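# Structural description and commentary
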Amino acid sequence: MTQETDMDPHLILGFATVSVALALTPGADWAFAISSGLGGRRIAPAVGGLLGGYLLHTLLIVAGLAALVIAMPQLLAGLTIAGAAYLLWLGVSTTRSWRSAGYTAAAESGQPQPGNAGSFLKGLGTSGTNPKALLLYLALIPQFIDLDANLPAPVQTGILGISHLLVSAIVYTGVAFGARRLLASRPSAARIVTLASGVIMLALGALLLAEQIAAFSAA
């Protein structure tokens, strides 16, 4: 008989290391956080939206999405196409605004700024429709589940998912405020970073879409 224990501290430490490394890796979420900091968008709801997407992924995995994806691979393909389309749209809107980037300029221009709900929904769409983030959860979290622990696997999954969410909250908030503080007084740098953020979103969206087209062609 296997003795039940608390979650293995080595597994927790390993997950924490991977979680921090992944949160610090630039991607679509970083690009959105940066554009939020530079574009005058409210940072708290924007980051909250990103975290809402991670919470959604956590709840889906706890509910058994992994088994559903295995049984219905076309579901993941549909999610990937939707995520690619959203990233392309967000990338286009970001690159179109690069000439007027810069928090200080936007705030002083008198132009209406995005509301809390709009900022939150854009963040939610960015991370919630990102199939790479979902795949990350599907592939990463199960590796750190301790079957000998006294906590059920779904509870451990939820704990690990929320832990990554909290790490991401710190990183994305720091990225957004860092972009605002460091680049607010440098409009030229702000424009370059905003343009780069939009290009990253476009590239990621195009790559996701190309992967699905290649998969359909092979099938």
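Residues numbered from 1 in each chain as written. Predicted model: local features only at pLDDT ≥ 70, side-chain atom pairs only at ≥ 80, totals over all residues. Heavy atoms only, no water.

What follows covers the confidence of the model for the protein chain. Of the residues in the protein chain, 76% have a pLDDT of 70 or more, and the chain-wide mean is 76. Mean pLDDT values over the elements of the protein chain span from 43, in helix α6 (residues 103-108), up to 90, in helix α3 (residues 43-62). Low confidence marks residues 103-112, where pLDDT is under 50. Its contacts with residues over four positions away, or in another chain, come to 10 contacts. (pLDDT = per-residue confidence, 0-100. Helix = DSSP H or I, 4+ residues; strand = E, 2+ residues; numbered from the N terminus. Contact = heavy atoms within 4.5 Å.)

Another point: the packing of α3 against helix α7 (residues 116-128). Direction vectors running N to C along α3 and α7 enclose 40°, while the axes themselves pass 6 Å from each other. With respect to their mutual orientation, α3 and α7 come out oblique. For the pair α3 and α7, the crossing hand works out as right-handed. Residues Pro45, Ala46, Gly48, Gly49, Leu50, Gly52, Gly53, Tyr54 and His57 of α3 touch α7, and the partners they reach there are Asn116, Ser119, Phe120, Gly123, Leu124, Thr126, Ser127 and Gly128. A per-class count over the contact of α3 with α7 returns six nonpolar, 11 polar and no charged. (Axes fitted to C-alpha atoms, helices over the stretch in contact; angles between N-to-C directions. Parallel < 35°, antiparallel > 145°, perpendicular 65-115°, else oblique. Left-handed = near helix turned anticlockwise from the far one by under 90°. Nonpolar A, V, L, I, M, F, W, Y, C, P; charged D, E, K, R; others polar.)

The tally for this structure, following the rule as stated, stands at two aromatic pairs. Between Phe15 and Phe144 the ring centres are 5.4 Å apart and the planes differ by 70°, which places this aromatic pair in the edge-to-face class. You can see Phe15 sitting in helix α1 (residues 9-23) and its partner Phe144 sitting in the loop between α8 (131-140) and α9 (153-183), a full 129 residues away along the chain. A single burial state applies to Phe15 and to Phe144, both of which are buried. (Phe/Tyr/Trp six-rings, centres within 6.5 Å; stacked < 30°, edge-to-face > 60°. Buried < 20%, exposed > 50% of the residue type's maximum accessible area, 1.4 Å probe, protein only.)

Attention now goes to a nonpolar patch on the surface. Judged by side-chain polarity, Leu55, Leu59, Ile162 and Leu166 come together as a nonpolar surface patch covering roughly 340 Å² of accessible area. For the nonpolar patch, the elements supplying multiple residues, two or more each, are α3 and α9. By secondary structure assignment, the location of Leu55 is in helix α3. (Patch = residues over 30% accessible without salt bridge, like charges linked within 9 Å, V, L, I, M, F, W, Y side chains within 5 Å. Areas by Shrake-Rupley, 256 points an atom, 1.4 Å probe, with all protein chains shown as cover. Salt bridge = Lys/Arg side-chain N within 4 Å of Asp/Glu carboxyl O.)

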